[in-house]
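# Structural description and commentary
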Amino acid sequence: MTHVEDELTSQPECWARAASEAPRWAKVLPAPGERVAIVGCGTSYFMAQAAAALREGAGQGETDAFAASEFPHGRRYDRVLAITRSGTTTEVLDLLGRLRDTTPTTAITADPDTPVRTAADALAILDFADERSVVQTRFATTAVTLLRAHLGLHPDTAVTDARTALAAPLPEGVVECGQFTFLGRGWSVGLANEAGLKMREAALAWTEAYPAMEYRHGPISISTRGTATWMLGDAPDGLAEQVRDTGALWIPGALDPLAELVRVHRLAVAVAASRGLDPDTPRHLTRSVILEP
């Protein structure tokens, strides 16, 4: 078993623990009414997109998501929340340093014994969800679970659905597809973006991701036999039929959207194996991007 396989299968237990520990971190996570920016890089940026949509949709306050390198320094926020598995990513540390003494900052991290300890004003620590693999799975979904629980939005069914996602067979024919499109709505748009990234990182697959209603506005033109369109969450009316009419494989989102992402994690490993790739050593990637001064 690869590191990434071992880590992705532990997600249900990590989610249950994160949800139970959410009250422990409540004082350092965004409070209701605060204007908040959530930042990250790569996978953490897409998790920031999902969390921001959840928070604002719940009426907790205006919430934006940015890649750390694209943070708009002309805007004022009550708090900036960074998601950083390693605590060493250059762009995140640079941003936290620039915000010191002007904006309160919190970092969700798996490793507190890194530069993020002094870069951020406060930490929420998910060390039990740390990973050896380059490709993120359990830390990313556990960070979102922590924030869902903090917002009062973590459903009891999420952990059960994650276990189902790990146990049930993958959709027939999906591993053999040559192109994959992932669709989301609301907070699951960020999850769709992350699903596409996982397939590119682990399996070198041709993947795209879109808000579901945007799929009709051009991207559906690539759908044909040998492609797959995977929905994370509820699909817009009529979209499944339109995709099937192209000859593409349509995969509905039958589980909690975060659990659907677990199914995609399994798909990425399966496609990598079918192509003779090692998902633990993705091409050109390292566990953390640390830039020279």
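Treat the numbers as computed from the prediction; the structure is a model and nothing was measured.

## Here we look at the environment of R85
- You can see R85 is positioned in the loop between strand 3 (79-84) and helix 4 (90-99).
- Classification of R85 as buried rests on a relative accessible area of 3%.
- Once you skip the residues sitting within four places of it in the chain, R85 turns out to touch S44, T109, A110, D111, D130, E131, S133, V134, V135, Q136, F139 and R287.
- Here S133 takes part through its backbone oxygen, which lies 3.0 Å from a polar atom of the side chain of R85.
- Side-chain polar atoms of R85 contact the backbone oxygen of V134, separated by 3.0 Å.

## Observations concerning the packing of aromatic side chains
- Applying the stated rule across the entire model yields six aromatic pairs.
- Through a chain of ring-to-ring contacts, three or more aromatic side chains come together here, namely F66, F71 and Y77.
- R35 extends its terminal NZ or CZ atom over the ring of Y77, reaching a point 4.8 Å from the ring centre.

## Comments concerning the sheet that holds strand 7 (residues 206-211)
- Across the sheet, which stays open at both edges, the four strands sit in the order 7-6-8-9 with parallel pairing between neighbours. The open sheet terminates on both sides in strands that have one partner only, identified here as strand 7 and strand 9 (249-251). Neighbour to neighbour, the strand axes of the sheet diverge by 20° on average, direction disregarded.
- Looking at chain direction, strand 6 (residues 179-184) and strand 8 (residues 227-232) are connected through six bridges and run parallel.

## Describing the side chain of E194
- Note on placement: E194 falls in helix 8 (residues 188-203).
- There is a polar contact of 2.7 Å between the side chain of E194 and the side chain of K198.

## A few points about the nonpolar core
- Ranked by size, the top nonpolar core spans 81 residues in total, and within it F71, I108, L146, F180, F182 and M199 carry the most contacts.
- Looking at this core, the element that brings in the most residues is helix 10 (residues 257-274), giving nine residues.
- Those residues in contact with M199, other than ones at most four positions away along the chain, are F180, F182, L204, A205, T207, V264, L267, A268 and V271.
- Within the second largest apolar cluster, ten residues are counted, among which are L183, A212, I220 and M231.

## Focus: the pairing of strand 4 (residues 105-109)
- The buried fraction of strand 4 amounts to five of the five residues, a majority that puts the element mostly inside the structure.
- Burial along strand 4 is two-sided: T105, A107 and T109 and T106 and I108, pointing in opposite directions, are all buried.
- Across five bridges, strand 3 lies against strand 4 in parallel orientation. Among the inter-strand pairings, T84 is bridged to a residue of strand 4, identified as T109.
- Following the backbone out of strand 3, through helix 4 and into the adjacent parallel strand 4, one traces a crossover that is right-handed.
- Where strand 4 and strand 5 (residues 122-125) come together, four bridges link them in parallel fashion. When the sheet's bridge partners are listed, I108 is paired in strand 5 with A124.

## Here we look at the environment of R98
- Mapped onto the secondary structure, R98 falls in helix 4.
- Under the relative-accessibility criterion, R98 is labelled exposed at 59%.
- At a separation of 3.3 Å, a polar atom in the side chain of R98 contacts the side chain of H73.

## Focus: the packing of helix 8 against helix 10
- Packing of helix 8 against helix 10 brings their axes to within 9 Å, and their N-to-C directions diverge by 15°. The orientation of helix 8 with respect to helix 10, classified from their angle, is roughly parallel. Crossing handedness for the pair helix 8 and helix 10: right-handed. Residues S188, L191, E194, A195, K198, M199, A202 and A203 of helix 8 form the contact with helix 10, whose own contacting residues are P257, L258, L261, V264, H265, L267, A268, V271 and A272.

## Remarks on the sheet that holds strand 5
- With respect to topology, five strands assemble into an open sheet ordered 2-1-3-4-5, the strand pairing being parallel. The two strands at the open ends of the sheet, each matched to only one other strand, are strand 2 (63-67) and strand 5. Ignoring strand direction, the axes of neighbouring strands in this sheet form an average angle of 20°.
- Where helix 4 meets the sheet, its contacts fall on strand 1 (36-40), strand 3 and strand 4, and the angle it forms with strand 3 comes to roughly 160°.
- Across the sheet, helix 6 (residues 138-150) lies against strand 3, strand 4 and strand 5, angled at about 130° from strand 4, the strand it touches most.

## Observations regarding helix 4
- Regarding helix 4, the residues found buried are T90, V92, L93, L95, L96 and L99.
- Packed against the buried residues of helix 4 are strand 1, strand 3, strand 4 and helix 5 (116-119).
- Looking at the residues trailing helix 4, positive phi occurs at D101, about 75°.

What counts and how
Residues numbered from 1 in each chain as written. Predicted model: local features only at pLDDT ≥ 70, side-chain atom pairs only at ≥ 80, totals over all residues. Heavy atoms only, no water. Helix = DSSP H or I, 4+ residues; strand = E, 2+ residues; numbered from the N terminus. Buried < 20%, exposed > 50% of the residue type's maximum accessible area, 1.4 Å probe, protein only. Contact = heavy atoms within 4.5 Å. Polar contact = N/O pair within 3.5 Å; in protein donor to acceptor, adjacent residues only side chain to side chain. Phe/Tyr/Trp six-rings, centres within 6.5 Å; stacked < 30°, edge-to-face > 60°. Lys NZ or Arg CZ within 6 Å of the ring centre and 35° of its normal. Pairing = 2+ DSSP bridges. Axes fitted to C-alpha atoms, helices over the stretch in contact; angles between N-to-C directions. Core = buried A, V, L, I, M, F, W, Y, C linked by side-chain atoms within 4.5 Å. Right-handed = clockwise from strand over helix to strand, strands pointing away. Parallel < 35°, antiparallel > 145°, perpendicular 65-115°, else oblique. Left-handed = near helix turned anticlockwise from the far one by under 90°.

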